[in-house]
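Here is what each chain is made of, one letter per residue.
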2 protein chains.
Amino acid sequence: MTSPIPAGFRLGGFHCGLKRNPNKEDLSLIVCDEDTVAAGVYTTNLVVAAPVVWDRERTPSDKIRAVITNSGNANACTGEQGVKDNAEMASIVAKMAGVSADQVLTMSTGIIGHHLPMEKIRAGLDEVFQRLGTDESHFDAAARGIMTTDKGKKIASRECEVNGKTVKLIGMCKGAGMIAPNMATMLSVVLTDAELTPDQAKSLLTSVTNDTFNCITVDGHRSTNDTLLLLASGKAGTGKVEGAALDSLRSELRQLCEDLAKQIPADGEGSTHLIEINIEGCASREDAARIAKTVADSALVKTAITGGDPNWGRIVSAAGYSGVSFDPMGMQLIVNGHLLYQQGTPVKFDEKTVSQSIKDSFETDITLRFTEGDTKFRYWSSDLTVEYVRFNSEYRT
Amino acid sequence: MTSPIPAGFRLGGFHCGLKRNPNKEDLSLIVCDEDTVAAGVYTTNLVVAAPVVWDRERTPSDKIRAVITNSGNANACTGEQGVKDNAEMASIVAKMAGVSADQVLTMSTGIIGHHLPMEKIRAGLDEVFQRLGTDESHFDAAARGIMTTDKGKKIASRECEVNGKTVKLIGMCKGAGMIAPNMATMLSVVLTDAELTPDQAKSLLTSVTNDTFNCITVDGHRSTNDTLLLLASGKAGTGKVEGAALDSLRSELRQLCEDLAKQIPADGEGSTHLIEINIEGCASREDAARIAKTVADSALVKTAITGGDPNWGRIVSAAGYSGVSFDPMGMQLIVNGHLLYQQGTPVKFDEKTVSQSIKDSFETDITLRFTEGDTKFRYWSSDLTVEYVRFNSEYRT
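Conventions we followed
- Sequence order as written defines residue numbering, which begins from 1 separately in each chain.
- Here chains are named by letter from A upward and ligands by number from 1 upward, in the order in which they appear as written.
- Predicted model: local features are reported for residues with pLDDT of at least 70 only, side-chain atom pairs are reported and counted for 80 or more only, and whole-chain, interface and lining totals are derived from all residues.
- As a rule here, side-chain values cover all heavy atoms of the structure and leave hydrogens and water aside.
- Lines fitted to C-alpha atoms define the axes, with helix axes restricted to the stretch in contact, and inter-axis angles between N-to-C directions lie between 0 and 180 degrees.
- Numbering of helices and strands runs from the N terminus, with a helix taken as a DSSP run of H or I at least four residues long and a strand as a DSSP run of E at least two residues long.
- Here roughly perpendicular refers to angles of 65 to 115 degrees, roughly parallel to angles under 35, roughly antiparallel to angles over 145, and oblique to all remaining angles.
- Throughout, a crossing is termed right-handed when the near helix is turned clockwise from the far one, and left-handed when it is turned anticlockwise from it by less than a right angle.
- Should any heavy atoms of two residues lie within 4.5 Å, those residues are considered in contact.
- Counted as salt bridges are all cases of a side-chain nitrogen of Lys or Arg within 4 Å of a carboxyl oxygen of Asp or Glu.
- Burial classes follow relative accessibility: with a 1.4 Å probe on protein chains only, a residue under 20% of its type's maximum area counts as buried, one over 50% as exposed, and anything between as partly exposed.
- Think of it this way: a Phe, Tyr or Trp ring, Trp meaning its six-membered ring, pairs with another when their centres are within 6.5 Å, and the plane angle makes it stacked under 30 degrees, edge-to-face over 60, tilted otherwise.
- Comment: the charge-over-ring label is applied if NZ (Lys) or CZ (Arg) is within 6 Å of the ring centre and within 35 degrees of the ring normal.
- Criterion used throughout: strands pair if DSSP finds at least two bridges between them.
- To superpose the copies, least squares is applied to the C-alpha atoms of every residue with a pLDDT of at least 70 in both.
- Per residue, pLDDT captures the predictor's confidence, and it can take any value from 0 to 100.

A. Region of the structure containing the packing of helix H5 (residues 198–209) of chain A against helix H6 (residues 243–266) of chain A. Residues and elements named next belong to chain A. In contact at an axis separation of 9 Å, H5 and H6 are set at 50° when each is read in the N-to-C sense. Taken together, the axes of H5 and H6 are oblique relative to one another. Handedness of the H5/H6 crossing: right-handed. Across from Gln200, Leu204, Leu205, Ser207 and Val208 in H5, the residues of H6 making contact are Leu246, Leu249, Arg250, Leu253, Arg254 and Cys257.

B. Just the pattern of salt bridges, in detail. Within this structure, the stated rule accounts for 46 salt bridges over all chains. Residue Asp102 of chain B is joined to Arg58 of chain B by a salt bridge in which the shortest nitrogen-to-oxygen separation is 2.7 Å. With Asp102 of chain B in the loop between helix H2 (79–97) and strand E4 (104–111) and Arg58 of chain B in helix H1 (residues 50–58), this pair connects stretches of sequence that are 44 residues apart. Accessibility expressed as a relative area gives 45% for Asp102 of chain B, which makes it partly exposed. Relative accessible area serves as the criterion here: at 18%, Arg58 of chain B is assigned to the buried category. For the salt bridge of Arg131 of chain B with Glu127 of chain B, the shortest nitrogen-to-oxygen distance reads 3.3 Å. A single network of salt bridges, built from pairs that share partners, joins Asp150, Lys151, Lys154 and Asp267 of chain A.

C. Focus on the packing of aromatic side chains. Across all of its chains, the model carries 6 aromatic pairs over all chains by this definition. Taking the ring centre of Trp54 of chain A as reference, the NZ or CZ of Arg58 of chain A above it sits at 3.4 Å.

D. Spotlight on the pairing of strand E6 (residues 165–174) of chain B. All names here are of chain B. Counting buried residues along E6, 8 of its 10 residues qualify, which places the element largely inside the surrounding structure. As paired strands, strand E5 (residues 154–162) and E6 are joined by 9 bridges and run antiparallel to one another. Among the inter-strand pairings, Glu159 is bridged to a residue of E6, identified as Lys168. If you look at the hairpin formed by E5 and E6, you'll find 2 residues sitting between the two strands, and Asn163 has a positive phi there, around 50°. Relative to strand E7 (residues 187–192), E6 is paired through 6 bridges, and the arrangement is antiparallel. Within E7, the position partnered with Lys174 by the bridge is Leu187.

E. Spotlight on the relation of the copies chain A and chain B. Under the fitted operation, chain A is carried onto chain B by 0.0 Å of movement along the axis and a turn of 180°, and the coordinates agree to an RMSD of 0.0 Å. Such a turn and shift between the copies fits a two-fold axis. When each C-alpha of chain A is compared by its distance to the rotation axis, Val386 of chain A comes out closest, at 2.4 Å. The overlap is high: 98% of the interface residues of chain A also sit at the interface in chain B, so the same surface is used on both sides.

F. How the structure looks around the confidence of the model for chain A. Residues and elements named next belong to chain A. Per-residue pLDDT for chain A averages 91, and the proportion of residues at 70 or more is 95%. Across residues 180–184, confidence stays below pLDDT 50; counting only partners more than four residues off in sequence or on other chains, it has 31 contacts. Of the two predicted TM-score estimates for the complex, the pTM is 0.81 and the ipTM is 0.75.

In structure tokens:
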């Protein structure tokens, strides 16, 4: 069996002491064999962490040589010192890899507002560099090294034919809380051996993000650090990727990102259900997305699902305050395939059956149909549990 | 001691069986001695309950004779039958009071999507009509009759001089969950004996609502039923109220509505803290309100307060994703009088002292200062507790 890791990358993870548990990696390093194409999309939060500022200035690029990520500390709201610490992290990696600091991208995730413990990081970078490799075990260590409150590593991979060559795509992501659309506390790196220009990489990322990583929510809180990077080594020997070949690659990348993105609300802090919200029949994508997001973020919808309660009133009223104009009499609500509401009035349904269908399955499907047009939109959310609250009211103190 | 109840109104409450507990009133009736000025502000939800549609069409008015409210059932999403039931409720009251149905306003609150049990209501209306009176005990019964998950009745009263006469204002409100700005699951009636025109009543209500009832959130979920009514009997003998006298009355009404409004998040489902959010130094009221609302609705901010955790990173990052443009380096955060953050970097503070100040007090003050202008805005929120989630995931099934 061949490795799912695209050629051109070496990876590794290491525990340097940012996390308390010595068995949990808190550094993740990706080193590229040669200058590599890289593009990124970043948080829309106005308060951004030092690594986001750093990466934004250096992508898209065709000269990237490494991505260093630490978890356990977001290096956000850390002022000038945070900027210096981030630059030092990049410089150390650059020195070890024999490249310039500008060729190193950085990511950080974890608690906000604490300075990075640079002594631990300096020692750790030395170690993680020694541990680089090209096996799945190396990829897994790197994927664990970006985790914070995630229950497990989040990875996905795909293969496809491009210009007669086999192209590999593999991605890792993290995120369990502070997740909202427009790049939440979410870090992700996707590696491929396809040949892309920096502009192509950027455009591919942007186009797939809107249907994937921007369609998830856990708690509606947009973070300071969200970053999604795509690195393309070109080692698959595809030559230039254009036209239908590019479309096909985009489609694979979209599926990969959807696989990764869904893992985030599925592992939402304390969550017991992954909620898929399907909005149909809207006049525009904006309308559909707005309704989906409003339903997805409603604490009352989330807690109803937690309790296995087909409380369609909460869902219908959430759609109603989304700010989108629609004909309430034309709205239909279907939960797990059961019609619960239409024409402004409740439909007779077997409450026990629907409740059981929610309780029995980890995934709950909420479909809202409108009569304003034919635009569809999909969105994923977590439910809201006692454990979420317990966890987040005991996080730090 | 004179009664705080303005002249011109008789009130009562009764348990007719919409609520399970026979000691809890679920009908609330206000009958006016003569044709009375009334104005209302209503939910902005597109999915609105039958009583909201009814009242919107009949206010402002100078001919109102009664307000009938039921709790335990919102008569929302109940289609044509709901419209009929609501009209019947108004008709029965009208017949008993010897007026026309168009002179009766209605309000409903409780579960969405169930038809009103009209037999119980018909019998109950007969009873509540017999129990009308002008004492505080009657007012209290009416105030309890609009409650749902509220822990206790929410009332406030004031007196002021208008044109040399003593004017009384008294209000009741309810709301504990599904509370968000722009009139949440919130019902409120304010009675006064001042003399107002319908237009004055409407304009007074609208102007004070923006600083009071529209500045509260419990769970960010805007309801289908929110209604705030102002009834002015004119019995105080003020004559026309204009100019400075009107300003003074507005100021009293604003204070009364603030007193009422704050009681809602203070009694938010499961809440252990009332959070007051003060936004200062914004370029516009819209900006300040948007930042306030974003902080107020953040599950991570709420849970931090629940845990007594001065986790300013969550507050600062919530401001950052509000969508308002500001200079992050100019932002200051003060919690309970302690400066926690400024110039893009954490300030040294005694975490234990600040944590203890949150734990020791029911009210937590979060002040965010900006350098974009001099507009201020205040907002109130509940914290988010395990009990909120428990309660809302066990609400119905």
